[in-house]
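This is what each chain is made of:
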Amino acid sequence: MTREPRRNAQKTGAIAENGETAREPTRALVIVPILPQRFNDGGKTDENNRPKYQHEFQRSDEARLEEAEGLARAIDLDIVHSDIVQVSAPRPATLLGTGKVESIAEIIEASHAELVIVDHSLTPVQQRNLEKEWNAKVLDRTGLILEIFGRRAQTKEGALQVELAHLTYQKGRLVRSWTHLERQRGGGGFLGGPGETQIEADRRALQEKILRIKRELETVVRTRTLHRAKRKKVPHPVVALVGYTNAGKSTLFNRLTGAGVVAEDMLFATLDPTLRRIKLEHGETIILSDTVGFISNLPTHLVAAFRATLEEVVEADLILHVRDISDPDTAAQAEDVHAIMNSLGIERGDAKRIIEVWNKIDLLDAAGREAAQRLSAAATGDEHPIPVSAMTGEGIDALLKEIEDRIAGKLTKVKITLQHNQMRLMDWIYQHSSNVKRKDLDDGSITLSMDMTVSSQAMLDEKIVSKSNR
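Residues numbered from 1 in each chain as written. Predicted model: local features only at pLDDT ≥ 70, side-chain atom pairs only at ≥ 80, totals over all residues. Heavy atoms only, no water.

1. Section: the environment of L318
Part 1 of the reasoning: Locating L318 in the fold gives a position in strand β10 (residues 318-324).
Part 2 of the reasoning: The exposure class of L318 is buried, given its relative accessible area of 1%.
Part 3 of the reasoning: On a C-alpha basis, the gap between L318 and I407 in space is 7.7 Å, while along the polypeptide they are 89 residues apart.
Part 4 of the reasoning: Apart from residues no more than four positions distant in its own chain, L318 is found in contact with V238, V239, A240, K352, R353, I355, I403, R406 and I407. (Helix = DSSP H or I, 4+ residues; strand = E, 2+ residues; numbered from the N terminus. Buried < 20%, exposed > 50% of the residue type's maximum accessible area, 1.4 Å probe, protein only. Contact = heavy atoms within 4.5 Å.)

Pasting the structure below:
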């Protein structure tokens, strides 16, 4: 049965401090359709050739529902009902079966919901038909993520990237917004041609706006390129944080840098990239970059829109892959992150460039913490993960040491003798070494023994040669 669309009237609520009536949160339903695996990729992939994790690390239905509810709460929706819907075969018109569409319509009517979140991609036709059947606004997963990004963007760059992604998404859905598409504009009297249909005019206007934003973003890309070029003149290594949304990247960023980046227990709490300098124990300075969180089924045009921001990850000397090790679906989340990084040209096998950080070990029980530590210790080479708690600080020293080892080389014992004309190097040596032991000799020279990174030792050798040649 088709009903007239419900108008989004503003509800009256409590009186705010400024005397105005506060708007109540929008009442929403969250629906998670579960389709057989063969429909998730259009049947393009043979069952025997599917990625291994899709069998072994597939998310549970309950985890998908919890994530969908988290996305809805991220834009302050009042979830009045949520449900998992098994779909044996997707219907081209509505995705869901007729009986399920009708039963959801009854729930919407009884709960007075204004919005339905469908945690799956919907075609424009499916979205329009469901809105007619349910007499409510419908948002699919892509639309919901775009709404969240629109709220989180704080900088001009972030706002431009979100707007570009949103316009690209809306471009194919103009048919939903108009009831007068048959009206045409042309010349006067009977001699004028039919002219341009309204939807054609709207699509042309959208395309012009998309091109304008792309030109503005090209300026952003050039600016970022100039900034990177300047950083390379004073070559501080860049370390980028990546990870599934809500894995604790911003909390870890704050712990490492002392910055005040927003860090909440919320999906996509931060969106705009932030860069800060850190000085490591043995004097090496790095630039730490916090980036937008990743999520499963992240729209491809959204990844394309944020490519300017994600260039910081592509150009990084070292990547910290932050995982919420307390999440039961951490393995599947890690695969989603690897898939997005792979689309950016970052191979998952590049162990020398990627450090896996197991965050939130403070949320594990004693057995879980012991298992995490044991697995970390058992790993060999550059592939061993670092268990940490960004909240309590546990494991942070080990992480910083690993970063320094990767960037500057492992510590080595260094012993040198400085002549009286090389004493100006003393301050630099103390800043870039540890466990310094000094012995003064009778001829005025001094002997130093210390721990120093391979990189710092090479720099010191150059400085000594330079002083000696003067």
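There is more to say after this.
2. Considerations on the UniProt feature "binding site: Mg(2+)" (unreviewed entry) in the chain
Part 1 of the reasoning: In the numbering used here, UniProt assigns the feature "binding site: Mg(2+)" (unreviewed entry) to S250 and T270.
Part 2 of the reasoning: The exposure class of S250 is buried, given its relative accessible area of 9%. (UniProt positions renumbered as here; feature names shortened; annotations may be inferred.)

3. Quick word on the sheet that holds strand β3 (residues 115-118)
Part 1 of the reasoning: Strand order across the open sheet formed by 4 strands is β2-β1-β3-β4, with parallel pairing between neighbours. At either end of the open sheet lies a strand with only one pairing partner, and these are β2 (78-86) and β4 (137-140). Mean inter-strand twist for the sheet, computed between neighbouring axes without regard to direction, equals 20°.
Part 2 of the reasoning: Most of the contacts of helix α6 (residues 141-152) go to β4, to which it runs at about 90°, and overall it touches β3 and β4. (Pairing = 2+ DSSP bridges. Axes fitted to C-alpha atoms, helices over the stretch in contact; angles between N-to-C directions.)

4. Overview of the pairing of β4
Part 1 of the reasoning: The sheet contact formed by β3 and β4 spans 4 bridges and is parallel. Paired with I117 across the two strands is L139, which belongs to β4.
Part 2 of the reasoning: You can see the chain leave β3, run along helix α5 (residues 124-134) and come back into β4, and the turn it takes is right-handed. (Right-handed = clockwise from strand over helix to strand, strands pointing away.)

5. With respect to the side chain of H321
Part 1 of the reasoning: When you line up the elements, H321 lands in strand β10.
Part 2 of the reasoning: For H321, a relative accessible area of 2% gives the class buried.
Part 3 of the reasoning: In this structure, H321 is in contact with V242, G243, A334, V337, H338, I354, I355, E356 and V357, ignoring residues within four places of it in sequence.

6. Looking at the side chain of D405
Part 1 of the reasoning: Summarising the element assignment, D405 is placed in helix α14 (residues 396-408).
Part 2 of the reasoning: Relative accessible area serves as the criterion here: at 12%, D405 is assigned to the buried category.
Part 3 of the reasoning: Discounting chain neighbours no more than four positions away, the residues touching D405 are K410 and L411.

7. A closer look at the nonpolar core
Part 1 of the reasoning: Counting 40 residues, the largest nonpolar core has V30, L77, I117, V242, F294, I319 and M341 as the members making the most contacts within it.
Part 2 of the reasoning: Residue assignment for this core shows that the elements contributing at least two residues are β1 (27-34), α3 (61-73), β3, α6, β7 (238-243), α11 (307-314) and α12 (330-343).
Part 3 of the reasoning: Excluding anything up to four places from it in sequence, V30 contacts L65, A68, E69, A72, I79, H81, S82, D83 and I117.
Part 4 of the reasoning: Of all hydrophobic cores here, the second largest spans 21 residues; its members include L320, I355, I386 and I403. (Core = buried A, V, L, I, M, F, W, Y, C linked by side-chain atoms within 4.5 Å.)

8. So, α14
Part 1 of the reasoning: Counted at 1.5 Å a residue, the expected span for α14 with its 13 residues is 18 Å, and the 18 Å between its end C-alpha atoms agrees.
Part 2 of the reasoning: Within the span of α14, buried status applies to I396, L399, E402, I403, E404, D405, R406 and A408.
Part 3 of the reasoning: Positive backbone phi, approximately 95°, marks G409, located one or two places after α14. (Expected span 1.5 Å × (residues − 1).)

9. Details of unusual backbone geometry
Part 1 of the reasoning: We note that N246 has phi near 70°; this positive angle belongs to a residue other than glycine.
Part 2 of the reasoning: Judged by its relative accessible area of 23%, N246 falls in the partly exposed class.

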